[in-house]
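# A structural walkthrough
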Amino acid sequence: MAMVNELPVLPPEERVLSTLESDGRRRWLTPRLAAGRFWSRRRVVAYALIAVYTLLPFIKINGRQALQFDLWEARFMVFGLEFRPTDLALLAVFGLIVFLTVFFATAIMGRVWCGWACPQTVYMEFVFRPIERLCLGTMGKGGKPRHAVAGWRTVAMYLVFLVIAVHLANTFLAYFIGVDQLNTYIWNSTPLEHPRAFALVAFVTVLILFDFCYWREQLCIIGCPYGRFQSVLLDRSSLIVGYDTTRGEPRGHGRDRKAKGLGDCVDCHQCVEVCPTGIDIRDGLQLECVNCTQCIDACDHVMDRVGLPRGLIRYSSQSALAGKPTPIARPRVLIYMGLILALSVLFVTLLVSRKAFDVTLLRGLGSPFNITAGGEVENILRAKLVNRTDQERTYRVEAVAPESLHLLSSVELKLGAGESVTEPLHLLAPQEAFQERGGTVKATLRFVDDVGESVEQVYLLFGPVTGAIERESSTTPSSPESESADAKP
C-alpha cells in the first residue's frame, strides 16, 4: 500500500480569537492590573452597583418590595408601582424605551455599559479577579503567579467563589419570590418543601461558577451579541477607547526618539498585558474591546515614566483620531432622542390614566346562551377583578346598556389590597333585543368601587335569531300521533 505523505499544517497568519492559541487550544488570560484613575472610578461605580443589587430586595415602598417580578402571581413591582399582564401596552412601551436608550447611549458613549455597568464586567473585575489574585499571590498586580501555588490556596479560592455564587443566586431568587418568602425558605423550612425554588438557586449557582471560573471573558467575546451589534450601533463619532496612530507610530524602544523618527509608543505591550479580553488596542476598533479603560491607565503610567504626555490611548472617536470634527447632534442621535421623548410621553400618559382596578370579561363555559323559564335570554360571563390599591375596596356591577339588559341578582365584591377574584355574572335580556340585531347584542357593564372610580366594559352577548326559531318550530312534530302517522307508508 502506498504511503500517503502528510502535508504540514500551516499556522494561521493571525490569531482568530484572542482566547485561542494558533493550534486551537484555549488561551487562558491572566491580565495584569493597571490601578489608574479610570480603574478607581470604575471600582466606585462597580461597588455601588453591587450594593444596589444586594440591598434592593430589602427596600420597601408603600409596603411592597422595591423591585420584584412575581411570575407565579403575574405581578411586577417597580418602585411602588404594580404592573400586571393587563398592562401589556405599558410594558411594551417601556421595553421600547429601554432598547432605544441602549441604542442612544451606544451612539453617544460607545460601549460604556460593557466597561462600567455590565454584571459580567463588574463581578469579574471587582469581585472574582481580586479574590483570585489574593489567593494566588498576585494581589495588586495581577498576571500569572511567579511561583507554584499551594493546593490549599486554590481550594480556598473556589470555596469563596462557591459562597459568593450561592449568595448571588439567593439574591436573584429574592427578586422573584420576595425577600420575606426567601427568608422563610432559608430559616424555617427544608429544600424538600420548596423544590422549585431550591432547583433554581442550585441552577443559578452552577451557572455563575461556570461563567466566572471557566467561561469568563469568552462570554464577552463569543456569547454576548452586543459586540457584534456595535458595527450597527456605533458611528465614527461615537466615543470609544482608541489608540492615536498619528502620535504613536512608528513604535520603537530607546531614547532620542525624534532623531530616530519614532513615535510616542515605546512598544512595551503593557496595554495588551492588562486587557481582560486579550486584544491589542493598537490594532484599531475591535468587537472584543469592552471599553474597560485598563489600557488607558497602563499607557498613562508608561507615558509618565518616560516623560511623554498622556493620552496616547484615550477616550476619543474614530473621527477625532483621524483629525476630523466630531458632531454631537447627528441624525441617528436626534432620531433616538425624538423617539425616546415621544415614547416617554406616551408611557407617562398611559401610567397616569391607568385605573385603580382592572376588569377582564371572559365568556362562561358551556352553551353561549340559555333560554330561561320566563322566556329571557341568559348569558353567563366571568368577570376577573384585580384590586391595584393598598386598601380594601368594595365593587359593584351595573348593567348600563341596552336598557332592557339586567343582572339576575345584584353583585357586590370585596377585595383586599392587591387581591383578585373571578366572579360569574348572569345577564338577562328579552329575546326581542337579539332578534332585532341578528342574534347579538353589545352590552355595556360598569364596575364601580366604593370611592367612586368606575370602569366600563363592552361585551358581545349571543341570543336566538327569529329565522332560526321559526325553522326550528316548523321542523318539530306537534305530537307523537302526527309523528307516527308520517311514518306510515
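A few points on the structure. Positions within a chain are numbered from 1, following the residues in the order the chain's sequence is written. Predicted model: local features are reported for residues with pLDDT of at least 70 only, side-chain atom pairs are reported and counted for 80 or more only, and whole-chain, interface and lining totals are derived from all residues. Hydrogens and water molecules were not included; the side-chain quantities draw on all heavy atoms of the structure.

### So, unusual backbone geometry
Condition: Helix numbering and strand numbering both begin at the N terminus, where a helix is a DSSP run of H or I of at least 4 residues and a strand a DSSP run of E of at least 2. Exposed residues in this analysis have more than 50% of their type's maximum accessible area, buried residues have under 20%, and partly exposed residues fall in between, with area computed by a 1.4 Å probe over protein chains only.
The linkage connecting E249 with the following residue, P250, adopts the cis geometry, with an omega of -5°. Here P250 is to be found in the loop between α10 (245-248) and α11 (257-260). Here the bond from A401 into P402 is cis, since omega is -5°, no more than 30 degrees from zero. Here P402 lies in the loop between β11 (393-401) and β12 (406-407). In the Ramachandran plot, R216 falls in the positive-phi region, its phi being about 50° despite a non-glycine side chain. On the secondary structure map, R216 appears in the loop between α7 (195-215) and α8 (218-223). A residue is classified by how much of its surface remains accessible, and R216, at 6% relative accessible area, is buried. A positive phi angle is found at D256, which is not glycine, with a value near 50°. With respect to the helices and strands, D256 occurs in the loop between α10 and α11.

### Topic: the pairing of strand β14 (residues 420-429)
Applicable threshold: Pairing between strands is defined by DSSP: at least two bridges between them are needed.
The pairing of strand β10 (residues 377-387) with β14 spans 10 bridges and is classified as antiparallel. Its bridge partner being in β14, L385 is matched across the sheet by V421.

### Details of the sheet that holds strand β16 (residues 454-462)
This is how the line gets drawn: Fitted lines through C-alpha atoms give the axes, limited to the stretch in contact for helices. The angle between two N-to-C directions lies from 0 to 180 degrees.
Pairing is antiparallel in the open sheet, where 4 strands are placed in the order β13-β11-β15-β16. Lying at the two open borders of the sheet, with one neighbouring strand each, are β13 (412-415) and β16. Across the sheet, the axes of successive neighbouring strands diverge by a mean angle of 30°, strand direction being ignored. Bridging between β11 and β13 involves 4 bridges; their strand directions are antiparallel. Bridge pairing in β13 places R396 opposite E412.

### What to know about the sheet that holds strand β3 (residues 67-70)
If you trace the 3 strands from one edge of the open sheet to the other, you get β3-β4-β5, paired in antiparallel fashion. Where the open sheet ends on each side, the last strands, each with one partner, are β3 and β5 (81-83). For this sheet the average axis-to-axis angle between neighbouring strands, irrespective of direction, equals 15°.

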